[in-house]
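# Observations on chain architecture
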Amino acid sequence: MTATHNSADVAASAAASAPWSISLDHVTVRYPNGVVGLDDVSLDIAAGDMVAVVGLSGSGKSTLIRTINGLVPVSSGSLTVGGHRVDGASGRALRRLRGDIGMVFQGFNLAGRANVLQNVLVGRLAHTPLWRTMIGAYRESDKELAYDALDRVGILPKLYDRASALSGGQQQRVAIARALAQQPRIVLADEPVASLDPPTAHGVMTDLQDINRDLGITVLVNLHLLDLAREFGTRMIGMRGGKVVYDGPAATATDADFEEIYGRSLTNADRSGA
């Protein structure tokens, strides 16, 4: 293993997977308790887009991301990613789709007792024979992908540290590296900075932006903070009550647009999380 990897090598490894588009056609998601998570949503997200999704808790933005990944089933309508139908997919087909979609969660979802490298190699599970994962016999090519991903988010020196010993921001960067190690066609981030302080949140969002800009990967990220949505999203989708109430450029969204999304006048805390 080398201590650093040049950006051309990283880009070449990620470019092995072309980014995917996302298309929802009149998608409704109704949970078993009757709650409607998505209400007749139609969206087309182009391959390589950087999209910020904003809205209050319960607006449907987490349902949107989890539906795209097949974690929440579609009740009606059709959903495709990269031309592959997600609605109705199950078993092996759904596992194959998820292998190409990197997920980043608010709670990091790391194995605290495992080291950073072991956590990132989890991103290779969908592309690795079961016997190798059972005994930890990962291929050198898989390890190189993990090193590259960790280098990209600035965590390579922590390679053998336990995940539980890292700060929140470092743990989220490990989670992003795990998603990158999949060589994903889409990265979905569900409130990835909600538990981080503002400077750390800004750094994590910069990492996601760089992944989109440098590697061309489609990135969809849920955010509470409006300033972050405006700064990092090239496109913003605003959700309220399971419906899309705004879809347009993030940088030019007005206070009136945000009031339509949030259903009230904005405060400074809404804008910046202060």
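The rules behind each value
- Residues numbered from 1 in each chain as written.
- Predicted model: local features only at pLDDT ≥ 70, side-chain atom pairs only at ≥ 80, totals over all residues.
- Heavy atoms only, no water.
- Salt bridge = Lys/Arg side-chain N within 4 Å of Asp/Glu carboxyl O.
- Helix = DSSP H or I, 4+ residues; strand = E, 2+ residues; numbered from the N terminus.
- Buried < 20%, exposed > 50% of the residue type's maximum accessible area, 1.4 Å probe, protein only.
- Pairing = 2+ DSSP bridges.
- Contact = heavy atoms within 4.5 Å.
- Axes fitted to C-alpha atoms, helices over the stretch in contact; angles between N-to-C directions.
- pLDDT = per-residue confidence, 0-100.
- 1 Å grid on protein atoms, 1.4 Å probe; cavity = no way out; pocket = protein on both sides within 12 Å on 5 of 7 lines; lining within 4 Å.
- Points joined across faces, edges and corners; volume = space filled by probe spheres on them.

### A short note on the pattern of salt bridges
- The tally for this structure, following the rule as stated, stands at 13 salt bridges.
- For the salt bridge of Arg235 with Asp49, the shortest nitrogen-to-oxygen distance reads 3.7 Å. One end of the pair, Arg235, is in strand 9 (residues 235-240); the other, Asp49, is in the loop between strand 2 (36-45) and strand 3 (50-54), with 186 residues separating them in the sequence.
- Between Arg230 and Asp255 there is a salt bridge; the shortest N-O distance is 3.5 Å. Of this pair, Arg230 sits in helix 9 (residues 226-232) while Asp255 is found in helix 10 (residues 255-262), placing the two residues 25 residues apart along the sequence.
- Residue class for Arg230 comes out partly exposed when judged on its relative accessible area of 23%.
- Through salt bridges with shared partners, a single network forms among Asp49, Arg235 and Asp247.

### As for the sheet that holds strand 2
- Within the open sheet, the four strands sit side by side as 2-1-4-5. Their pairing is antiparallel. The open sheet has two edge strands with one neighbour each: strand 2 and strand 5 (84-85).
- As paired strands, strand 1 (residues 22-30) and strand 4 (residues 76-81) are joined by five bridges and run antiparallel to one another. Looking across to strand 4, one finds that Leu24 is bridged to Leu79.
- Those strands touched by helix 2 (residues 61-68) are strand 1, strand 2 and strand 4, and its axis lies near 65° from that of strand 2.

### Regarding the confidence of the model for the protein
- Of all residues in the protein, 86% attain a pLDDT of 70 or more, and the chain-wide mean is 87.
- When pLDDT is averaged over each element of the protein, strand 1 comes out on top at 98 and helix 1 (residues 7-14) at the bottom at 42.
- This model gives residues 1-16 a pLDDT under 50, and the stretch forms 24 contacts once residues within four places in sequence are excluded.

### Brief notes about the layout of surface pockets
- Of the pockets and cavities examined, the second largest pocket occupies roughly 170 Å³.
- Forming the walls of the second largest pocket are 16 residues, and the residues nearest its centre are Ser57, Gly58, Ser59, Gly60 and Ser62.
- Listed by contribution, the elements that provide at least two residues to the lining of the second largest pocket are strand 2 and helix 2.
- With three residues, the single largest contributor to the lining of the second largest pocket is helix 2.

### With respect to the sheet that holds strand 9
- One open sheet holds the six strands; their spatial order is 6-7-8-3-9-10, and the pairing between them is mixed. The open sheet is flanked by strand 6 (101-105) and strand 10 (243-249), the only strands paired with a single partner. Each strand of the sheet is rotated relative to its neighbour by a mean of 15°, with strand direction disregarded.

### Details of the environment of Met50
- Among the secondary structure elements, Met50 is positioned in strand 3.
- Of the residues examined, Met50 reaches a relative accessible area of 1% and is grouped as buried.
- Sequence separation between Met50 and Phe232 is 182 residues; the distance between their C-alpha atoms is 7.9 Å.

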